[in-house]
Each structure stands twice: as structure tokens, then as C-alpha cells.
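Residue-level structural notes
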Amino acid sequence: MSVQDSSPVGASRWAALQQAWRALPRAALGNLLSKLAIVGLGLAITVTVARQGPKVQGAFALFVAVESALLTLFSGLGLWLARQMSQQAAAAGGAPTRALPMLTGVLRAAVVLGLVASGVLLAVSWWAQALPYSMLWLLALAAPFLLLVPTATGLWLGQGRMWPINAAQVAAPASVLAGLAGAWWITQGGARTTSAVLLVLVAWVSGKSLVAVVTAVYALRDAGRRDEVLSAQNAQNAQNAQALAASPSWWSQWPFVATIGVTNVVSLLNYRASLFLVERHEGLSVVGTYSVAVTVAELLWLLSSSVTVSLYARIGHPDVKVAASMTVQAVRINVLATLAAAPVLLGLAWWALPWVMGPAYEASLWPLAALLPGVAAYAAATSLSAFYTNHLGKPQLSGAIAGMSLAISFSSGCLLVPRLGALGAGISSSLGYILAIAAAYGVFLKHARLPVKALWTPALTRLSADQGQ
């Protein structure tokens, strides 16, 4: 497709941009502010760790990748709860169900699954020799707690309530940063490489575990208060009171939960497999510099994740017109924002990274430049994935798209990384992102029964006032 650079087209582009900005929900702005705080804290953690040397940063990046795999494998519990809450809120005339039994059930499952994962992690740590795998016993100790946050926040995600989610997300890196500051103060910077890695990882798992327990306790109290209010409102209606007492169990829909977990692991591998590929061919220090490039590039997803989280409940609306409209709206905002921000981010990084983190991190700049086109294009993935999972109830579609991206990036990385190192990893990842997002948008259009031009033609997805509520 080609677009003529004429004045009417330029005006229509500007009008589309203005409409996309006006369509940005207030909840997304609040979530964006929290994301800015998270990014600031995350960058502070990255700088603190990276200044200990690329090897420490590399070990930290791989450890966090393993932790993320654990969290995403069992993320289906929280998303199942979110789907129950969002579809319940959108159902017309239906009696609400109790949230506390559903939340209690998924939290118990999270703890049990965390204990199972702990055993696996301890076995790996026992046999491993190299960093950070020999330190996975720390993750094993924290695993039952770490799974509480993505599970408990499903309650608020399905209700479209952002502030509890924002608070939990901000508190975790804040606690980690406080732990790191305390560790460096106690040791006064005199640790060797191995002990520095240990201090970093202890601060990471302890800070996140503390926040996880507090989040779960608050979610249980919040769900209990909600159920008490609903019980009081429905006390005069025997039929509604009976419906309120019956809550679905995640176990009855375990294939859906398991599919989400597997899908999210595939998605995570799509983002992080390149780290392990670089480690295999280039070593831990190169992983350290390349992981900084990945971290900076993924800052582009700051706005896209905020928009998707704020619209998640409405993307799950049973009416396909409402769900599709919300999805296109989110995709439009995300694509425009990331395309505008990518060159700015690269310019800032080119100046700031070597100055803030040290000369060794100049090696991350060209891989960053290679990553940015693909990362910008893939900003639409979160919204499309929410449509597949929350509206269609088919998380396997997200898994197929992520699997396609992973297959492209990993196969091309096997060819490029041995020849070009971290730059080859950036090129291959970017290629996988671009090709996969094109396929993802095509799948969405088919299920939403929309033409391709719906992305840049707001009139095709505009809803009436009653539908938009």
C-alpha cells in the first residue's frame, strides 16, 4: 500500500492522531504515570547492577529471565480470574458471582504450583556450575510467594481498577531498589563478582516476595468486602442471592488456564531467547551489554502496556463490535506512539548509556538500533493478545503468533549471532517481531470481521454512546 503525501491526507493523519489521543482512556494515563515510576525504578536497578560490571548484569538478566518464565507459566490463573470478572461485569441482567471463593482458589493453586516449581529449581541449582543457574535456589525459596502478584491482580484487571495494580507494580521495584541500596551500604562496595551477584539476587527476590504477600492479603480483603456489598444488595432477591453464592472454579476450566500459561511462556521466549543464544556464543559479559539494549528498547512498550491494561476489561466485552473497537483503538494509539518515540529513544540512549553505565555499554548501542524497528511494530501485540484471550477465549492464537516470531528470530539468530554477535541477535529479533505482528493483525481482522483499513479509518470502528459504555 502507498499513501500520497497530499495536504488532505496529511490533515486526515493529524485528525486520526488527535482522535487517538482523545480516545486514550483516563485509566491509561494513570497507569502510564505508574509505568513511568516503574521504569524510573527499573532503570535505577539496571544502572546499579550494570555498574558492577557486564558479567554481573548478564547474570542478573538471565536470572530475571528464568523468574519471568516461572511467572508466565502460571499466569493463566490470574487471567482466568480477570476474564471471569470482566465478562461478569459486561453481562446484561446476570447476577454477579462471589469473587472471594474464586480468588482464594487461584491463590491456593499459585502457592501449590510455586512449591512444585521450587523443587525443580532446587534440583537445577544443585547440579548447575555456572552463574546464574547455581543461584536458582534463591528463586526456589521465593517461588511460592512470587506467583501471588500476577494471580491476585487478576481480580482488579477484570474490574478495570488500575490503582491497586499500579501500587503493586510500583512497590516491587521500589522494594528491590531499597534492598540493593542496603546491601551496598552494608558491604561498602567491596564484594567480589560472585558475592555481588548474590547480593543483587537476594535483594531482588526478597523485595518482590514481600510485596507479593502484601498484595495477596489486600486482594483477599478487597474481594471479601465486594462480596459483602453484593450480598447486602441482593438480600431481598432469593434468585440473585443463590446466584451470588455459586462461583466458577478455575479447575473446571483448567485447559484454558494451562493454554494461557504455555502461550505466555512461548511469548516470553520470543522476548528472551536471544539472551540465551548470545550467552551460548558470546559469554556472560556480552549478555550483560545486550540485555541493556533489550531493556532500553522495551521502554517503547511503556505506553502500549498501559493502554492495554486500562482497556482490558472492555476488550473482553462479549459483543464483538465493542471488543474489536476497543482493540483497534488501542492498536492505533500504540503504533503511533511507538513510531514517534523510537528515534527519540535511540538518540537519548546513544548519548546517555556510556555516560551513565560506563564505556563498556557502548557495545549495546548498535544492537539497540537493530531492535527498535521490531519492538515498535510489536507494540500492537498486547492489545491483539488481549482480544484473543479475553474476548475470544482463545489464548492459543497468541501462542501461535508468538511461536511464529520465536521461530523466525531464533532460526535467523542461529545464523547471525555466531557471525555478528549481539548485533545479529538484535536484527533477528526485530525481523521476527515485524513478520509476526503483520500475521497477528490479519488474524484479528478475520475474527473481528473488519477490513485492513480499519486501523487508520476510525469511522469503521466508532461505537454509539450505548455500545461504548
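Residues numbered from 1 in each chain as written. Predicted model: local features only at pLDDT ≥ 70, side-chain atom pairs only at ≥ 80, totals over all residues. Heavy atoms only, no water.

Okay, the packing of aromatic side chains next. A complete count under the given rule lists ten aromatic pairs for this structure. Both rings, one in Trp301 and one in Tyr378, keep their centres 6.4 Å apart while their planes meet at 50°; by these two values the pair is tilted. Of the two residues, Trp301 is situated in helix H14 (residues 301-315) and Tyr378 in the loop between helix H16 (365-377) and helix H17 (381-391); the sequence distance between them amounts to 77 residues. In terms of burial, Trp301 and Tyr378 fall into one category: buried. What links up through ring pairs into an aromatic cluster is the set Phe387, Tyr388, Tyr441 and Phe444. (Phe/Tyr/Trp six-rings, centres within 6.5 Å; stacked < 30°, edge-to-face > 60°. Helix = DSSP H or I, 4+ residues; strand = E, 2+ residues; numbered from the N terminus. Buried < 20%, exposed > 50% of the residue type's maximum accessible area, 1.4 Å probe, protein only.)

What follows is about the packing of helix H3 (residues 54-73) against helix H13 (residues 284-297). Contact geometry of H3 with H13 gives a least axis separation of 7 Å together with a crossing angle of 70°. Taken together, the axis directions place H3 and H13 in an arrangement best described as roughly perpendicular. On H13, the residues that touch Pro54, Lys55, Gln57, Gly58, Ala59, Ala61 and Leu62 of H3 are Leu284, Ser285, Val287, Gly288, Thr289, Ser291 and Val292. (Axes fitted to C-alpha atoms, helices over the stretch in contact; angles between N-to-C directions. Parallel < 35°, antiparallel > 145°, perpendicular 65-115°, else oblique. Contact = heavy atoms within 4.5 Å.)

Counting 123 residues, the largest nonpolar core has Leu155, Tyr378, Leu384 and Phe444 as the members making the most contacts within it. Ranked by residue count, the leading element in this core is helix H15 (residues 320-357), at 13 residues. Non-local contacts of Leu155, meaning those with residues more than four positions away in its chain, are made with Leu81, Met85, Ala99, Leu103, Ala219, Asp222 and Ala223. (Core = buried A, V, L, I, M, F, W, Y, C linked by side-chain atoms within 4.5 Å.)

Looking now at the confidence of the model for the chain. Looking at the chain, pLDDT values average 78 and 82% of them are 70 or higher. Averaged pLDDT values over the elements of the chain bottom out at 46 in helix H20 (residues 465-468) and peak at 92 in H16. Confidence drops under a pLDDT of 50 for residues 189-193, and excluding neighbours within four residues, the segment shows five contacts in the predicted structure. This stretch, residues 239-243, has a pLDDT under 50; its non-local contacts, to residues over four places away or in other chains, come to six contacts. (pLDDT = per-residue confidence, 0-100.)

A few words now on a nonpolar patch on the surface. A surface patch of nonpolar side chains, amounting to about 420 Å² of accessible area, comprises Leu122, Trp137, Leu141, Leu198 and Val202. Mapped onto the elements, Leu122 comes out in helix H5 (residues 99-127). Look at Leu122 and you get partly exposed, because its relative accessible area is 44%. (Patch = residues over 30% accessible without salt bridge, like charges linked within 9 Å, V, L, I, M, F, W, Y side chains within 5 Å. Areas by Shrake-Rupley, 256 points an atom, 1.4 Å probe, with all protein chains shown as cover. Salt bridge = Lys/Arg side-chain N within 4 Å of Asp/Glu carboxyl O.)

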